[in-house]
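Understanding the architecture of this molecule
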Amino acid sequence: MKGLHGLIFAYDKYPALRELAEHRSPASVPFGGRYRIIDFMLSNLVNAGVFDVGVILHGNYQSLLDHLGSGKDWDLSRIHGGLRLLPPFGTVQHRDDSTFRGKMDALYGVRSYLENIRQDHVVMTDSDLIINIPLQQVYEAHMASGADITCVCTAAPGGAVEESTYFELDQDGWITDTIFGIRTPRQYRSLDIFILSKQLLLDVVEECGGHDHYSFRNAVLQNMAGQLKIRAYVWEGYSAQIRSLAEYYDRSMELLDPAIRRELFPKDRPIYTKELNVSSTYVDPDGGCTNSLVADGCTVEGTVENSILFRGVSVAKGAHVKDCILMQNASVGRESVLHHIIADKNVKVAERRTLIGHAKYPMAIAKNSEI
Amino acid sequence: MKKECIAMLLAGGQGSRLYVLTGNVAKPAVPFGGKYRIIDFPLSNCTNAGIDTVGVLTQYKPLELNSYIGSGQPWDLDRANGGVHILPPYMVEGDKGSWYKGTANAIYQNIGFVDMYDPEYVVILSGDHIYKMNYMKMVQSHKNAGAACTISVLEVPWDEASRFGIMNVDGEDNIVEFQEKPKQPKSNLASMGIYVFSWQKLRQYLIEDESDPNSSNDFGKNIIPKMLAAGEKMLAYRFEGYWKDVGTLESLWDANMDMLSRGELDLLESSWPIYSRIPSAPPAFMGKTAKVEHSVMTQGCDVSGSVFNSVLSDNVVVEEGADVQYSVLMPGVTVKRGAVVKYAILGENVQIGAGATVGGDPMDYDPNLWGISVVGPGGVIADGETVAPNTMLNRCHEEVHR
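Just so you know, these numbers come straight off a predicted model, no measurement behind them. (Residues numbered from 1 in each chain as written. Chains lettered and ligands numbered in written order. Predicted model: local features only at pLDDT ≥ 70, side-chain atom pairs only at ≥ 80, totals over all residues. Heavy atoms only, no water.)

Overview of the environment of Met167 of chain B
We apply this condition: Strands here mean DSSP runs of E at least two residues long; helices mean DSSP runs of H or I at least four residues long; both are numbered from the N terminus. Here a residue-residue contact requires only that any non-hydrogen atoms of the pair lie within 4.5 Å.
Inspection of the secondary structure assignment puts Met167 of chain B in strand E9 (residues 165–169). Dropping the residues within four chain positions of it, Met167 of chain B is found in contact with Ile151, Val153, Ile175, Glu177, Phe178, Ser187, Leu189 and Ser191 of chain B.

This is how it looks when you write it as C-alpha cells:
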C-alpha cells in the first residue's frame, strides 16, 4: 500500500553521553523536562500519519522498553501495525562486539520484518535527533523528485564534526558526494533521516548482507552513488543531535529560548511522551522560579533560575538551583547550592551541599545517587 | 460476567449553579485544580478502590464529557470485562423511553446494565464532589452490618448543618431519621450523596418507586425515606477527610484554594493518585520576569507576569506585567500584558486584554457588593476593560445574574 513505514535505529551507543547513557540507550535519555529523545522522532512519524513503526534495539534497552510499552502514548498501539520493537533476531551472525557495526548490519538482522512491511516506502531515522519536522512534506518531495533515496540535511552549524556525515550538493539539490570522519565541516550536515522505497531497501540489504557491508553511508550512499539518484532535502528548521554530554547540556539549555520552543512544540504537531500521573507543580511563597522549564508534579520551595526541572522534582527551602537540569524525582535539600549540574533520575542531594559545575563542563550525577 | 460491586456515577445534572461555566459542558467535565476535571475524582477513587466497572449516566450536554472519558484508559478503566460505560437515556419498544426524570429514575432506566454484571452491591456516586475515598471500605462496612443501604456521612459544623441532608443515627450508626435541610438539626452528620445498596434491594425499591406517580424519582427525596419507612437496615458510614461539593461558583473557587494550601486535599501526595487525561504540551515555562508564589501550574503554561495564590491549568499564558491573584484560570486562558485579575474564575480559553481589570480585592469593596468574578469559557475581555467584582459574563460578553 502507498505510504511510509517508520524505522528507528535505537542501537547506537555514545560513550560521550557518560553517566546519562550508563543505564540506558541514548534513545531513552530524558530531554526537555518530560520527554525522552526518541519521543521526538516517534511523534514526527505519528504526526505525519505513519502508524507502522519498527524500533531496532541492541543491548541496554530495558529503560527504552519501559518507556515505550505498548506504544499507546504515541497512539501506536494498533490492531494492524503500530509499534514493533525489534531486538536482534537469531539471523544475525554472532560477533564479539556488543552492537551492530552499522545500519546495514542492523537491517540485515531484521530482514524478515522488512519483508513484511505493508507500505511501499520506508523512512529510516536515528534516535538521537531532537526535531519537529513534517515528514509528510519530505515524503511528498521525495515522490515528486523521482529520487531513489532522499536524505534530510541541514545547513545550520552544530553537531560533533568528526562524528557527522556531510553532503556535497549540485545546484539542483542532488547529492554528489557523501563525506564523514573529517575535521572541517562542510555546508550540509546529514540529519540521518532517509526515505527510500521498500523494494530498494530490500535490494540493498540483500546486496550488502551478501558482501558483509555494514555501513549504509559507505556501502549505499558512497558506493552506489553511480547507480542511484540520491537527493537532499534541506531542513531549515531547528534540529539537534545529542551525542555527548556537552551537547546534551547546551541543547537542553537552548529550550529556554521561546523561539526554539515554538519550533519544537507547535500546537498542531505535538510531541507525545509516556504520561505519568502527577499533580500540578507547586511554587511556595518562599520559592522563586525564573527563566526555567518546569514539568508537572514539582515542588519549588527554594530558588530556581535558568534550569529545567523534570516531573516530580523537589527543591527545598533555601536551596538555590541555577543553570541545572534536574531529572525525574530528583530532590535538592535545604540550603544546598547547585550550579551547572545535570542530576539524573532520583538523585538525592542532602541539605547544605554545594555542587558546582561549569558551563563548559557541566557535572552529571548518575541515576539514584545520594549526595 | 458477575462482579461483586459496580459503581454508577450520576453525571447528568446541568450544574445550573455554576452558571456560565456549565453553559456548554456538564458539571463533571468542569476543570479543577489545574490538571483535573471534577469527574476525575470519583473515577480515580473507583480505580484506586478496585472497582473496575463504572456506569456514567449522562444527559445534559454530554459531548465534552464523553470525549474526555473516551475509552477510560487514563483511569485504567478500559477493561475487557467491565470498564467505564457512558449511559445516556435511550428509547425502548413502543416509542417509550424518556429523559432521566431524577437520580433514582436514571438508575431505574439502566437496571438492564446493572443486571449484566449481576452485582451484590452498587455504589451510587455524584459527579460534583472533590474528595479522595476508598469506596470498598464503605462496602465492607455495609457487608459487615448486613445493611440494605449505607450512606456516607461527614461531620459538619453545627451552624452549617441546616444546609445539608442530615442523618440522625442510633448508638451503632444505624440511621433512624433523615431530614433534608432541617431548621433545627438533631445531628451534624451530613449526607455526602454517596450510597452503597445491596442491588436486589435497590432494584425492588426502584421498580416500586417508578410506579408511584407522585414520586420525583430521587434518591434523597424518595428512595431513602421509603426504605427508612419500611424499616430496612440503613447504616451511616462516617467519612473522615476532605470532601467538598463544588456545585456553586464559591465552593468551586474555595476547593481550588483548599488544594493550594495543601492541607487535607494534598494532590501531590502519591498513595491515592487522582488520574486525568493529560494534554500533550511542553513543561511550564517561567520567564525571566515571572514572579510566582503559592500557586500551581501545569504543562503548556507560559508565565512572565506575576501569579499569586492562583491555580493555572494547562496552556495558560500570563504575559509580562500582568498580575493574577487568588484566581482560578482554566485551560488555554491568556492574560495579556498589564492586565490585573483578582478573585476570579476564568473559563477555558478566556482572553483578558492588555491592561484590563477583572475582579478585585475584598478589602477594597463593600462586603455586600463584593464577590468572585467569573468569565465564561471563550469570553474575550477587551484591552483596558474593567469587569467589576461579583460580575459574571458569558461567552458573548453578556452579564449573567446569579
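A short note on the interface of chain B and chain A
The test is simple: Two parts lose some accessible area (1.4 Å probe) when they are put together, and adding that loss for both gives the buried area. A carboxyl oxygen of Asp or Glu within 4 Å of a side-chain nitrogen of Lys or Arg is what we treat as a salt bridge. As used in this structure description, the phrase polar contact means that two N or O atoms lie within 3.5 Å; if the pair is within protein, one of them must be able to donate a hydrogen and the other to accept it, and residues adjacent in sequence are counted only when both atoms belong to side chains. Each residue is assigned to one class: nonpolar for Ala, Val, Leu, Ile, Met, Phe, Trp, Tyr, Cys and Pro, charged for Asp, Glu, Lys and Arg, and polar for all the others, Gly among them.
The interface is formed by 35 residues belonging to chain B together with 35 residues belonging to chain A. Approximately 2,800 Å² of surface area, both sides summed, lies buried where chain B meets chain A, with 53% of it carried by carbon and sulfur atoms. Area buried by chain B at its contact with chain A is led by Pro283, Phe285 and Met286 of chain B, which between them contribute 22% of it. Linking chain B with chain A are two salt bridges. On the surface where chain B and chain A come into contact, there are 17 residue pairs in polar contact (both at pLDDT 80 or more). Residues that form the side of chain B that touches chain A fall into these classes: 19 nonpolar, 11 polar and five charged.

Topic: the domain arrangement of chain A
Where interface size is given, it is often the accessible area lost as the parts come together that is meant. Residues and elements named next belong to chain A. Note the following rule: An automatic or database domain assignment provides the domain bounds reported here.
For chain A, the assigned domains are domain 1 (4–264) and domain 2 (282–365). A straight line from the C-alpha centre of domain 1 to that of domain 2 covers 33 Å. Listed as interface residues are 20 residues of domain 1 and, on the opposing side, 22 residues of domain 2. Taken over both partners, the interface formed by domain 1 and domain 2 buries close to 1,700 Å², and the fraction arising from carbon and sulfur atoms is 65%. Per-residue buried area on domain 1 facing domain 2 is highest for Gly33, Tyr249 and Leu256; these three make up 35% of the total on that side.

Quick look at the state of the cysteines
Condition: Put simply, a disulfide is two cysteine sulfurs that come within 2.5 Å. Type-normalised accessible area, obtained with a 1.4 Å probe on protein chains alone, sets the label of each residue: buried when under 20%, exposed when over 50%, and partly exposed for intermediate values.
Applying the stated rule across the entire model yields zero disulfides over all chains. The thiol of Cys324 of chain A is unpaired, and the distance to the nearest cysteine sulfur, on Cys289 of chain A, comes to 12 Å. A relative accessible area of 0% places Cys324 of chain A in the buried class. Left unpaired, Cys5 of chain B is separated from the closest cysteine sulfur, that of Cys46 of chain B, by 8.3 Å.

Brief notes about empty space enclosed by the protein
Once rolled over the atoms, a probe with the size of a water molecule shows which space is left empty. Operational definition: Lining residues are those with an atom within 4 Å of a point, where the points come from a 1 Å grid over the protein atoms alone and group into cavities, where a 1.4 Å probe fits but cannot get out, or pockets, open sets with protein on both sides within 12 Å along at least five of seven lines. Grid points are joined across faces, edges and corners, and a volume is the space filled by probe spheres set on the points.
Evaluated as defined, the whole model comprises two cavities of 30 Å³ or more. For the largest cavity, the calculated volume is near 80 Å³. Residue lining of the largest cavity: Ser279, Ser280 and Tyr282 of chain A together with Gly33, Met259, Leu260, Arg262, Asp266, Leu267, Leu268 and Val296 of chain B, and that is the complete set. Of the residues belonging to the lining of the largest cavity, the class tally is six nonpolar, three polar and two charged. Roughly 60 Å³ of internal volume is contained in the second largest cavity. As for the second largest cavity, its lining consists of 10 residues, and the residues nearest its centre are Asp105, Tyr108, Gly209, Asp212 and His213 of chain A. If one sorts the elements of the lining of the second largest cavity by residue count, helix H3 (residues 103–109) of chain A sits on top with three residues.

Side note on the sheet that holds strand E21 (residues 323–325) of chain B
All names here are of chain B. For the record, the criterion: Any two strands between which DSSP finds at least two bridges are classified as paired.
Spatially, the six strands line up as an open sheet ordered E15-E18-E21-E24-E27-E30, and their pairing is parallel. Taken across any chain shown, the strands that pair with only one partner, and hence form the sheet edges, are strand E15 (291–293) and strand E30 (386–387). Direction of pairing for strand E18 (residues 306–308) relative to E21: parallel, over a ladder of three bridges. Among the inter-strand pairings, Phe308 is bridged to a residue of E21, identified as Gln325.

So, the side chain of Ser190 of chain A
All names here are of chain A. Within the secondary structure layout, Ser190 lies in strand E11 (residues 188–197). Judged by relative accessible area, which is 2%, Ser190 ranks as buried. The residues contacting Ser190, other than those within four sequence positions of it, are Val152, Cys153, Thr165, Phe167 and Gln241.

Notes on the sheet that holds strand E21 (residues 320–322) of chain A
All names here are of chain A. What counts is decided by this rule: To define axes, lines are fitted to C-alpha atoms, for helices over the stretch in contact only, and angles between the resulting N-to-C directions are given on a 0 to 180 degree scale.
Strands sit in the order E15-E18-E21-E24-E27 across an open sheet of five strands; the sheet is parallel. Every interior strand has two partners, whereas the edge strands, strand E15 (288–290) and strand E27 (354–356), have only one. Here the strands of the sheet are splayed against their neighbours by 5 degrees on average, with no regard to which way each runs. As paired strands, strand E18 (residues 303–305) and E21 are joined by three bridges and run parallel to one another. Bridge pairing in E21 links Val304 to Val321.

Overview of the pattern of salt bridges
Residues and elements named next belong to chain A. Counted by the stated rule, this structure contains 44 salt bridges over all chains. As a salt-bridge pair, Arg34 and Glu275 come within 3.0 Å of each other at their nearest N and O atoms. Taken as a pair, Arg34 in the loop between strand E2 (30–31) and strand E3 (35–36) and Glu275 in the loop between helix H9 (258–264) and strand E14 (281–283) lie far apart in primary sequence, 241 residues in all. Between Asp126 and Lys103 there is a salt bridge, with its nearest N and O atoms 3.2 Å apart. In this pair, Asp126 sits in strand E6 (residues 121–126) while Lys103 sits in helix H3, placing the two residues 23 residues apart along the sequence. We classify Lys103 as buried; its relative accessible area is 13%.

Things to note about the pairing of strand E8 (residues 149–154) of chain A
Residue and element names in this part refer to chain A. In terms of residue burial, E8 counts as a mostly covered element, since six of its six residues are buried. Bridging between E8 and E11 involves six bridges; their strand directions are antiparallel. Directly across from Val152, in E11, lies its bridge partner Ile193. As paired elements, E8 and strand E12 (residues 230–235) share six bridges and run parallel to each other. Paired with Val152 across the two strands is Tyr233, which belongs to E12.

Things to note about helix H7 (residues 219–229) of chain B
Residue and element names in this part refer to chain B. Listing the buried residues of H7 in full gives Phe219, Gly220, Asn222, Ile223, Ile224, Met227 and Leu228. With a side-chain oxygen lying 2.9 Å from the backbone nitrogen of Gly220, the N-terminal cap of H7 falls on Asp218. Looking one or two residues beyond H7, the residue adopting positive phi is Gly231, at roughly 80 degrees.

Looking at the packing of aromatic side chains
Where we set the bar: Here the aromatic set is Phe, Tyr and Trp, taking the six-membered ring for Trp, and pairing holds for ring centres within 6.5 Å; pairs whose planes are under 30 degrees apart are stacked, those over 60 apart are edge-to-face, and all others are tilted. Consider the ring centre and the ring normal. A charge sits over the ring if Lys NZ or Arg CZ is within 6 Å of that centre and within 35 degrees of that normal.
With the rule as written, the count across this model stands at 21 aromatic pairs over all chains. Ring centres of Tyr195 of chain B and Phe197 of chain B lie 5.8 Å apart, and the angle between their planes is 40 degrees; on these two criteria the pair is classed as tilted. A relative accessible area of 9% means that Tyr195 of chain B is categorised as buried. For Phe197 of chain B, a relative accessible area of 0% corresponds to the buried category. Members of the aromatic cluster, connected to one another through ring pairs, are Phe31, Tyr35, Phe40, Tyr248 and Phe265 of chain A. A cation over a ring is seen here: Arg231 of chain A above Trp174 of chain A, with NZ or CZ 4.8 Å from the ring centre. The ring of Tyr68 of chain B has Arg37 of chain B lying over it, and the distance from NZ or CZ to the ring centre is 4.9 Å.

Quick word on the nonpolar core
Note the following rule: Buried Ala, Val, Leu, Ile, Met, Phe, Trp, Tyr and Cys residues form a nonpolar core when they are joined through side-chain atoms within 4.5 Å.
Counting residues in hydrophobic clusters, the biggest one holds 73 residues, and the most contacted among them are Val54, Val123, Leu125, Met133, Tyr135, Leu252 and Ile345 of chain B. No other element matches the seven residues that helix H8 (residues 249–261) of chain B contributes to this core. One finds Ile341 of chain A together with Val335, Val341 and Leu346 of chain B within the second-largest nonpolar core, a separate group that totals 50 residues.

Some points on helix H5 (residues 135–145) of chain A
Residue and element names in this part refer to chain A. Rules: Working definition: the arc comes from the directions between the helix axis and the C-beta atoms, pointing outward to the latter.
Along H5, the positions that sit buried rather than exposed are Leu135, Val138, Tyr139 and His142. Buried residues of H5 fall within an arc of 100 degrees about the axis and therefore sit on the same side. Packed against the buried residues of H5 are strand E1 (4–9), helix H1 (37–47), E6, E8, E11 and E12. At the C-terminal side of H5, Gly146 shows a positive phi close to 75 degrees.

Notes on unusual backbone geometry
Phi at Asn368 of chain A takes a positive value of approximately 65 degrees, unusual for a residue other than glycine. With respect to the helices and strands, Asn368 of chain A occurs in the segment after strand E28 (363–365). What makes Asn368 of chain A partly exposed here is its relative accessible area of 45%. For Tyr326 of chain B, which is not glycine, the phi dihedral falls at a positive 45 degrees.

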